[in-house]
Amino acid sequence: MAKRAFLTLIVVLLLFLGILPVLSMLVKSLVVQGNFSLASYGSVLTSGRQWTLMWHSAALSSMVTLLTLVIGTPLGILLAESDMPFRRFFTILFVIPLLLPPYFMAVSWFDLLGRQGLLAQIAGPVATRITSDLLFGLPGCVLVLFSVFLPIPMLLTMVFLGTINPRLQEAGRLVSDWKGILKSITVPLILPGIMLSAMLVFILAFGEFSVPNFLRYDVFPVESFTQFSAFYDFKAATAAAVPLVVVTLLLMFAESVFLRENTYQIRPSQEAVHSPRIELGSHLKWLLSLVTALAFIIVIVPVLVLAVQSAHTEAYIQALDYAGKSLLRSLAYAFIAATLLVSLGFFTGYLVQKKALWCWRFVDSSLLFLFALPSTVIGIGLISLWNTRWTNFVYATPAIIIIGYLAKYTALTSRISVTGLAQVPPSMEEAAQVAGAGWFRRIFYILIPLAGPTLLAGWLVGYIFSLRDTGITMLVYPPGHETLPVRIFTLMANGSPQLVAALCILMIAAILVPGGLLAALATRMKYKVNS
Amino acid sequence: MKKTILAIFAILVLVMAGYTVLHFTKEPSTKVSTVTVYVSEDQVFSEPILKDFEKDTGIKFRAVYDTEEAKSTGAMNRLIAEKDNPQADVYWANEPIRAEVLKQKGISESYFSPNARDIPARFKDPDGYWTGFSARARVLVVNNHVKDVPQSILAYTDPRWKGKSVITNPLFGTTTSHIAALFVLWGDKRAKAFMNAMKQNRTAISTNNGESADFVTAGQYDFSLVDSDDAVNRIRQGKSVKMVYPDQGENDTGCFIVPNATVLIKGGRHPKAARKLIDYLLSRETERKLAFADCAQIPLHPGVEIPSELKPIDKIKTMQINYADVAKKMVEIQPFLKTWMGL
């Protein structure tokens, strides 16, 4: 009873925070002068140009997804399971591009490869003409988005590898080498994580507008953006966002068909945690070189460009003076949002994973629907719903930013919770139930500790996405309460490049410090779970 | 160890929660007079002025700034969406066209500031819904390696510069206003022919004026039509570019001028403070500060001191245009521009 009541409350909360604002936008897009009308949808996909844009978006997101999976999954396996040195260092390094809004990375690449970028000073104008031509277009977009989203499959692979029962792999060793174990045991067991990362990367790349816009590659989200920015036509903008959502729902359907039959096992022994199961032997040298080269190209070089640009003490003093308060605000909002995101995500994840209420599929789809919607649609929806005299205590305070993050990013923590909970055998909860433990006790003493490392990963993901958000924050932040990424964006217009670069470096640091703390906590929790 | 980390984590969460709660409690109880302003002018230029206002008057300001990445339309979208319960008291528009849109949508309110008496009538709404100040000129930024410097926007259609020019996406910002002004001035037929010729001359499209100026600075293109602040900014940074006021000949159309505009928001919560802020923005002193700032904006009050890079407004041949007509034309030509952009 308590379970049903509580989960119903969670669904109501979700409806209130995320669905209602967007629903109000959708309904408005279907009403013209008081009557039902599809006029706003008239131009969506009706011209050849729209289909071309859709094709561009599909090509870009497919390439980015494929590349990040093909490289991110083995990279995750190498960094989690092999005896390669500096694994933790590489893990942190590869995560850095995900910490910044993708637009910043595109600007950094432009500073490097543009016709008067740093490369031009080293390699001369002919080389930079070629790199500049490549940067502006599909290859440049793929490169930037690949570097930004690579950590997603990498991290999810690592998280899922950490949940495999090592005895299965040890048993495999008796009959096969590590390649065989990878192929027949490890990869099939982490398939849900790979699928989840594929879906997330595809959705993120499909909805991405700032990088393709900067690098001159027309994609479908430009339509919704144009309706907002050039025409101030909220109805048409909402209509133009709907195809993005349809693609997401199709992906979700494909995922559910793919993963219907998967089962999971948790790891029972502590000693297996530390022993790397892949001894690289003669492969170590070239693999280490390859990983180093990749890190150098996609992380060190662009970050170095920022570091070189910001290499003045005054830039950092000015940055702290300009944006010290924004940095504190960002950290505060991201901390609170991540904690709420992981809480809400855990319970919606529980609802979906256990099919605890009849509406579990609606909850799952709604969350992904919100994640796929352009931030502007959610932002305007939130304004329409919350900006009244009676709800000013929410709208005129930072609470509205947190609500925006919950609406947009609960899908991430929910999905991560689903996969984390799937690794806990139902028998454990059932045993506790038989022993007389109530639902809340089972949640807090059985499920949360066992899914702990995955939940911490969820917290970190929620923290990163909240901290780097600009789309929603930009539209709803109360006057005078801008966050650091918003501050950087507003200063980018005619602000000094040194100052902007220094702010980006501060932002990276702001994420890495709590990230490191969390990583330490996750490692400790793994011991607990496994012992 | 684990307990320690958990304790640190819990403390951090509590501190952050406390910080946010402070915001909740602080806002309504404050007795200091405040004004909320939404700003489309770049933050680096507008914030120092607002801080001076706070220092000089004791009225605290709370601001929402726009970003160039969002085409400076975030504030406009918010103003429109917040129409029924406005949060802003004043809108500092970076061009009068947005102010005209707000007037048409019933979001603004009339106010004739005593500080605007000297400002020429063509830079003010006759009904008082917006008042112009500190203008940008639409200029050509030209790379110094170009020997035969273009002197007119018609250079975009000149085969000499085929594939060598760049213009900002005409669907957004001051470029839209400029194109709309050409439609008003020339008529649809000639303006459309100009746009099509520009396209045939392989003019590249950038996402914003700053980026256009950067492309020219980088030598990727020879010239671009940008706002004067973008050009002056690069010149002051020591980049190898020059600024040309286009179409200054006797029979030429003149240079399109884009003033900032102050707008009083209808139903704002601090109408008194809002009027004081508008008066402050429209003062000669603010215009002087904006002229000497990196944005190098041209004062509209006569006789205000200006830096050497700028020409006084009365020495520039300006395009004779009615901004209300431009705003109307801008809406009319959006389908054409969308098609022109291939959308």
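Residues numbered from 1 in each chain as written. Chains lettered and ligands numbered in written order. Predicted model: local features only at pLDDT ≥ 70, side-chain atom pairs only at ≥ 80, totals over all residues. Heavy atoms only, no water.

Focus on the nonpolar core
Step number 1: Residues Phe94(A), Phe149(A) and Tyr91(B) are the most contacted members of the largest nonpolar core, which totals 290 residues.
Step number 2: No other element matches helix 14 (residues 313–353) of chain A, which puts 20 residues into this core.
Step number 3: Shared between two domains, this core takes at least three residues from each, and those domains are domain 2 (30–134 + 259–312) and domain 3 (136–256 + 329–340) of chain B.
Step number 4: In this view, Phe149(A) contacts Val64(A), Thr68(A), Leu98(A), Val201(A), Leu204(A) and Ala205(A); residues no more than four positions away in its chain are not counted. (Core = buried A, V, L, I, M, F, W, Y, C linked by side-chain atoms within 4.5 Å. Buried < 20%, exposed > 50% of the residue type's maximum accessible area, 1.4 Å probe, protein only. Helix = DSSP H or I, 4+ residues; strand = E, 2+ residues; numbered from the N terminus. Domains from an automatic or database assignment. Contact = heavy atoms within 4.5 Å.)

Considerations on unusual backbone geometry
Step number 1: Positive phi is not limited to glycine here, since Lys355(A) has a value of about 50°.
Step number 2: Within the secondary structure, Lys355(A) is located in the loop between helix 14 and helix 15 (360–372).
Step number 3: The phi angle at Ser134(B) is positive, at roughly 30°, despite the residue not being glycine.
Step number 4: With respect to the helices, strands and loops of the structure, Ser134(B) is situated in strand 5 (residues 131–143).
Step number 5: On the basis of relative accessible area, Ser134(B) is assigned to the buried category, the value being 0%.

A short note on the packing of aromatic side chains
All names here are of chain A.
Step number 1: The tally for this structure, following the rule as stated, stands at 29 aromatic pairs over all chains.
Step number 2: Ring geometry for Phe-6 versus Trp-439: centroids 5.9 Å apart, planes at 50°, classification tilted. A residue pair is termed long-range when its members are at least 10 positions apart, and Phe-6 in helix 1 (residues 2–29) and Trp-439 in helix 20 (residues 439–450) qualify at 433 residues.
Step number 3: Judged by relative accessible area, which is 23%, Phe-6 ranks as partly exposed.
Step number 4: When its relative accessible area of 6% is taken as the criterion, Trp-439 is described as buried.
Step number 5: Ring plane angle 65° and centroid distance 5.4 Å describe the contact between Phe-335 and Trp-459, whose orientation is recorded as edge-to-face. Taken together, the residues Phe-335 in helix 14 and Trp-459 in helix 21 (residues 452–468) connect sequence positions 124 residues apart.
Step number 6: Taking the relative accessible area as the measure of exposure, Phe-335 reaches 3% and is therefore buried.
Step number 7: Ring pairs connect the aromatic residues Phe-6, Phe-346, Phe-347, Tyr-350, Trp-439 and Phe-440, which therefore count as one cluster.
Step number 8: Sitting over the ring of Phe-465, Arg-468 keeps its end group 5.1 Å from the ring centre. (Phe/Tyr/Trp six-rings, centres within 6.5 Å; stacked < 30°, edge-to-face > 60°. Lys NZ or Arg CZ within 6 Å of the ring centre and 35° of its normal.)

Regarding the side chain of Glu208(A)
Residue and element names in this part refer to chain A.
Step number 1: Mapped onto the elements, Glu-208 comes out in the loop between helix 9 (178–207) and helix 10 (210–214).
Step number 2: No salt bridge is formed by the buried Glu-208; its nearest oppositely charged neighbour, Arg-468, is found at 6.5 Å.
Step number 3: Engagement of the side chain of Glu-208 in a polar contact is seen with the backbone nitrogen of Val-211, the distance being 3.1 Å.
Step number 4: Filtering out sequence-adjacent residues up to four positions away, Glu-208 remains in contact with Pro-102, Leu-145, Val-219 and Pro-221. (Lys, Arg positive; Asp, Glu negative; His and termini not counted. Salt bridge = Lys/Arg side-chain N within 4 Å of Asp/Glu carboxyl O. Polar contact = N/O pair within 3.5 Å; in protein donor to acceptor, adjacent residues only side chain to side chain.)

What about the pattern of salt bridges?
Step number 1: Across all of its chains, the model carries 24 salt bridges over all chains by this definition.
Step number 2: Across the pair Arg78(B) and Glu82(B) runs a salt bridge, and its minimum N-O distance is 3.6 Å.
Step number 3: Put simply, Arg136(B) and Asp227(B) hold a salt bridge, and the shortest N to O gap is 2.8 Å. Linking Arg136(B) in strand 5 with Asp227(B) in strand 8 (residues 223–227), this pair joins segments that are 91 residues apart in sequence. With respect to class, Arg136(B) is no different from Asp227(B); both count as buried.
Step number 4: Taken together, the shared-partner salt bridges connect Arg329(A), Glu482(A), Arg487(A) and Glu47(B) into one network.

Focus: the confidence of the model for chain B
Step number 1: Counting all residues, the mean pLDDT for chain B is 88, and 89% of those residues have values of 70 or more.
Step number 2: Scoring of the predicted complex yields 0.79 for pTM and 0.73 for ipTM. (pLDDT = per-residue confidence, 0-100.)

Structural notes on the packing of helix 4 (residues 96–104) of chain B against helix 11 (residues 323–340) of chain B
Residue and element names in this part refer to chain B.
Step number 1: Direction vectors running N to C along helix 4 and helix 11 enclose 75°, while the axes themselves pass 9 Å from each other. With respect to each other, helix 4 and helix 11 are oriented roughly perpendicular. Contacts between helix 4 and helix 11 involve Pro-96, Ile-97, Glu-100 and Gln-104 from the first element and Tyr-323, Ala-324, Val-326, Ala-327, Lys-328 and Met-330 from the second.
Step number 2: Residues belonging to the contact of helix 4 with helix 11 are distributed by class as follows: 7 nonpolar, 1 polar and 2 charged. (Axes fitted to C-alpha atoms, helices over the stretch in contact; angles between N-to-C directions. Parallel < 35°, antiparallel > 145°, perpendicular 65-115°, else oblique. Nonpolar A, V, L, I, M, F, W, Y, C, P; charged D, E, K, R; others polar.)

A look at the pairing of strand 3 (residues 90–93) of chain B
Both faces of the sheet carry side chains from a regular strand, because those side chains alternate between them.
Residue and element names in this part refer to chain B.
Step number 1: In strand 3, alternate side chains face the same way, and those of Val-90 and Trp-92 on one face and Tyr-91 and Ala-93 on the other are all buried.
Step number 2: Direction of pairing for strand 1 (residues 34–39) relative to strand 3: parallel, over a ladder of 3 bridges. What sits directly across from Val-37, in strand 3, is Val-90.
Step number 3: Relative to strand 10 (residues 257–265), strand 3 runs antiparallel, the two being bridged by 4 bridges. Residue pairing for strand 10: Trp-92 is matched across the bridge by Thr-262. (Pairing = 2+ DSSP bridges.)

Considerations on the environment of Pro453(A)
Residue and element names in this part refer to chain A.
Step number 1: With respect to the secondary-structure elements, Pro-453 resides in helix 21.
Step number 2: Among the residues examined, Pro-453 registers a relative accessible area of 17% and is labelled buried.
Step number 3: Spatially, the C-alpha atoms of Pro-453 and Gly-420 are 8.2 Å apart, while their sequence positions differ by 33 residues.

Focus: the packing of helix 2 (residues 48–81) of chain A against helix 7 (residues 151–161) of chain A
For any two helices packed against each other, one specifies the crossing angle of their axes together with the interaxial distance.
Residue and element names in this part refer to chain A.
Step number 1: One can describe the packing of helix 2 onto helix 7 by two numbers: an axis separation of 7 Å at closest approach and a directional angle of 40°. Taken as axis vectors, helix 2 and helix 7 run oblique relative to one another. As for the relative orientation of helix 2 and helix 7, their crossing is right-handed in sense. Every residue of helix 7 that contacts helix 2 at Thr-68, Leu-69, Gly-72, Thr-73, Leu-75, Gly-76, Ile-77, Leu-79, Ala-80 and Glu-81 is listed here: Pro-153, Met-154, Thr-157, Met-158 and Leu-161.
Step number 2: The residue makeup of the contact of helix 2 with helix 7, split by class, is 9 nonpolar, 5 polar and 1 charged. (Left-handed = near helix turned anticlockwise from the far one by under 90°.)

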